[in-house]
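Structural overview for review
Now for the letters of each chain:
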Amino acid sequence: MLSVSDKDTTSFASEESPSFYNRVMKTAGTGIKDLYSGLIRIHVLHHACEEGIFGLGMIQELRRHGYRIGPGTIYPLLHGMESRGLVRSSFAWISGRRRKVYYGTRAGRRVLAEAKKKVRELANEIFEHDRKKHP
Ligand SMILES: [Zn+2]
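This text gives an overview of the structure that appears in the document.

**Observations concerning the overall build of the protein chain**
Per the secondary structure count, the protein chain includes six helices and two strands. For the protein chain, the N- to C-terminal ordering of α and β elements is α-α-α-α-α-β-β-α. Relative to all contacts within the protein chain whose residues are 6 or more apart in sequence, the contacts with residues 24 or more apart total 42%.

**As for unusual backbone geometry**
Of note in this structure, Ser-95 is not a glycine but carries a positive phi near 50°. For Ser-95, the location among the structural elements is in the loop between strand 1 (87-94) and strand 2 (97-104). By C-beta crowding, Ser-95 is classed as exposed, having 6 other C-beta atoms within 10 Å.

**Focus on the packing of helix 4 (residues 55-64) against helix 5 (residues 71-83)**
One can describe the packing of helix 4 onto helix 5 by two numbers: an axis separation of 10 Å at closest approach and a directional angle of 120°. Crossing of helix 4 against helix 5: the hand is right-handed. Across the interface between the two elements, Gly-55, Met-58 and Ile-59 of helix 4 pack against Pro-71, Ile-74, Tyr-75 and Leu-78 of helix 5. Broken down by class, the residue content of the contact of helix 4 with helix 5 amounts to six nonpolar, one polar and no charged.

**With respect to the pairing of strand 2**
Across eight bridges, the pairing between strand 1 and strand 2 is antiparallel. If you follow Ser-90 over to strand 2, its bridge partner there is Val-101. Hairpin connection of strand 1 to strand 2: two residues between the antiparallel strands, including Ser-95 at a positive phi of 50°.

**Observations concerning the nonpolar core**
Among the nonpolar cores identified, the biggest contains 15 residues, and Leu-45, Ala-48, Ile-53, Val-87 and Tyr-102 are the most heavily contacted of them. With four residues, the top contributor of residues to this core is helix 3 (residues 29-50). With near-sequence residues (within four places) excluded, Ile-53 lies in contact with Val-44, His-47, Ala-48, Met-58, Val-101 and Tyr-102.

Thresholds applied
- Here the residue index of a chain counts from 1 through its sequence in written order.
- Predicted model: local features are reported for residues with pLDDT of at least 70 only, side-chain atom pairs are reported and counted for 80 or more only, and whole-chain, interface and lining totals are derived from all residues.
- Runs of H or I in DSSP of at least four residues are treated as helices and runs of E of at least two as strands, each being numbered from the N terminus.
- A pair of residues counts as a contact when their C-beta atoms, built from backbone coordinates, are within 7 Å of each other.
- Counting other C-beta atoms within 10 Å of its own, a residue is labelled buried from 20 upward, exposed at 12 or fewer, and partly exposed in the gap between, with every C-beta atom placed from the backbone.
- In this analysis an axis means a line fitted to C-alpha atoms, helices contributing only their contacting stretch, and an angle means the value between N-to-C directions, from 0 to 180 degrees.
- The handedness criterion is simple: a crossing whose near helix is rotated anticlockwise from the far helix by less than a right angle is left-handed, and one whose near helix is rotated clockwise is right-handed.
- Side-chain classes follow a simple rule in which Ala, Val, Leu, Ile, Met, Phe, Trp, Tyr, Cys and Pro form the nonpolar group, Asp, Glu, Lys and Arg form the charged group, and the remainder, Gly included, forms the polar group.
- What makes two strands pair is DSSP finding at least two bridges between them.
- Among buried residues, those of type Ala, Val, Leu, Ile, Met, Phe, Trp, Tyr and Cys that are joined through C-beta atoms within 7 Å form a set called a nonpolar core.

Below you can see the structure in the form of structure tokens.
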């Protein structure tokens, strides 16, 4: 919120009681998903470029990082990335199962490199702000 005045920020902060927070989280479920969808996409592309991924493995990896997403989300996401040329798939046997494994393409690596710059810049800004608040 770049254009919010100090007064507005203060009045918002006073509304941040636990019940207010719960209400927001409950009603803004889809909005929160939108907030994290870019992070999830970058995370998926990262692993596809690093070692290759398959749907279930990526669901478990994301779960490990605190994102609860299911097959109904991950497969369309992977198919979308493939149709845009960011990843390509091939079949492989993993622990006795035939899996469709997705690997980052050259274009995918380029997109990831750009995204990493943006993630670093954002992280620096967010944590710089924290450092100023809690030196
Ligand atoms: Zn990861």
